[in-house]
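# Observations on the model geometry
Next come the chains, spelled out residue by residue.
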Amino acid sequence: MGKALDGVRILDFTHVQSGPTCTQLLAWFGADVIKVERAGAGDITREQLRDIPDVDSLYFTMLNHNKRSVTIDTKNPEGKQVLEALIQKCDVLVENFAPGALDRMGFTWERIQELNPRMIVASVKGFGPGPYEDCKVYENVAQCAGGAASTTGFDDGPPVVSGAQIGDSGTGLHLALGIVTALYQRTQTGRGQRVLAAMQDGVLNLCRVKLRDQQRLERTGVMKEYPQYPNGKFGEAVPRAGNASGGGQPGWILKCKGWETDPNAYIYFITQAPVWAKICNVIGKEEWATDPDYATPAARLPRLKDIFAEIERWTMTKTKFEAMQILNKYDIPCGPILSMKEIAEEPSLRQTGTIVEVDHPTRGKYLTVGNPIKLSDSPTEVKRSPLLGEHTDEVMAELGYSPEQISALRTAGAI
Ligand code: COA
């Protein structure tokens, strides 16, 4: 079966996490992703957080599936020529170097245009144009600068970063959308263009509801669904809301049976208005369904803390899975707090290809997250990440280099 991006060739100049998540998605959709790495070293993540000596780390293998790896010294004049040949052959160049690195290599937008006017140049940077544009940025810097950290955590504690890599993987996702959009526009214009996804912007886009709340706060001075209401104080900026829901349906994380010893024996419980009567029945507080102090969402808002405490008395008598089963019978929205161990062992995620076991020549078998986006006409087959420079000769031959030229370039240290 064909793949959605068959025939699209990507010059993948990405490293660490943000860029590689983007090009991995494109590879899963069928693009030929040629990862250019520095000879001898490669993407720095190959050796970061290693669990097996001298073997590519899980950090690297889980972000670079379905790609080919070539090693080129792009600061060597002959290496530069190889890169020029690649630029002429590819549709998209994706990079997430520190600001200015590509220009310093000699590959400015103008130079790339000269070589290939159809080329789409896609970049992840920490910040867009402005006071911080020259800064290097990693995941948590973006979470802090994009508004996520100031709005995450509990009111009486410091800002907190999330385990979800919204700065890196989130921005990689944004960039991938920019790339396929630019490819689509190119079918009309014949021209390439630059695509920029700044990590601060990507995080802020995911924190859209918090900018919504900032403006609500400025207008009304209070946000009734926040745990600060009615007893706490609101300041000038959106406060941290603990585990409160970001939407109009109040929710909280509640203890379940076994919470004393299992750090994940909890459930997220949403007191969705249409099922309020059912919630009252399940927890044995039938009278709340008609009591004017509890019967309407507005009446419940100042009492949410006590309401959740009462619901928790019920959830603590059930395991999170028992509670899930009972509550779903009544269409009460809830979600168990799943540990990574439970997720790794979940058979339904294996069946859908969301968790995949991959075999690797030096590492052996390992688990990875497969493609979370399922296309009915372009199924994803997750293939192991490449060894460093594994495809150098193959790609060089495709570019028209003879075996003699390849070995001369190798001797010169260009590849
Ligand atoms: N051959 C020769 N040199 C190469 C090369 C190759 N194949 N590939 C990269 N290089 C060089 C670059 O030209 C650059 O050199 P220069 O600084 O002399 O111009 C250097 O290697 C590496 O670049 P840099 O990106 O600065 O790496 P770093 O490890 O110092 O910084 C980041 C890492 C992530 C902080 C930085 O790349 C960054 O801010 N990226 C944008 C934001 C981002 O994606 N962050 C999230 C990462 S998950």
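Residues numbered from 1 in each chain as written. Predicted model: local features only at pLDDT ≥ 70, side-chain atom pairs only at ≥ 80, totals over all residues. Heavy atoms only, no water.

## Let's talk about helix α13 (residues 320-329)
Those residues of α13 lying buried are Lys320, Ala323 and Leu327. Looking straight down α13, one finds that the buried residues subtend no more than 60° of arc, so they occupy a single side. Seen from the open side of α13, the exposed residues pointing more than 90 degrees away from its buried face are Gln325 and Lys329. Elements in contact with the buried residues of α13: β8 (266-270), α10 (276-283), α12 (304-315), β9 (334-336) and α14 (340-344). Phi turns positive one or two residues past the end of α13, at Asp331, with a value near 60°. (Buried < 20%, exposed > 50% of the residue type's maximum accessible area, 1.4 Å probe, protein only. Helix = DSSP H or I, 4+ residues; strand = E, 2+ residues; numbered from the N terminus. Arc of directions from axis to C-beta. Contact = heavy atoms within 4.5 Å.)

## Digging into the UniProt feature "active site" (unreviewed entry) in the protein
Here, UniProt's "active site" (unreviewed entry) annotation points to Asp168. Along the chain, Asp168 falls in helix α7 (residues 168-189). Sequence-distant contacts of Asp168, that is, excluding residues within four places in its chain, are made with Gln17, Ser18, Thr21, Glu139 and Met199. A distance of 3.3 Å separates the side chain of Asp168 from the side chain of Gln17, its partner in a polar contact. (UniProt positions renumbered as here; feature names shortened; annotations may be inferred. Polar contact = N/O pair within 3.5 Å; in protein donor to acceptor, adjacent residues only side chain to side chain.)

## Let's talk about the packing of aromatic side chains
One pass over the full model with this rule turns up 6 aromatic pairs. What links up through ring pairs into an aromatic cluster is the set Trp276, Trp288 and Tyr294. Looking at Lys255, its charged tip hangs above the ring of Trp259, at a distance of 4.0 Å from the centre. Here the guanidinium or amino end of Arg300 rests over the ring plane of Trp276, the centre of that ring lying 4.0 Å away. (Phe/Tyr/Trp six-rings, centres within 6.5 Å; stacked < 30°, edge-to-face > 60°. Lys NZ or Arg CZ within 6 Å of the ring centre and 35° of its normal.)

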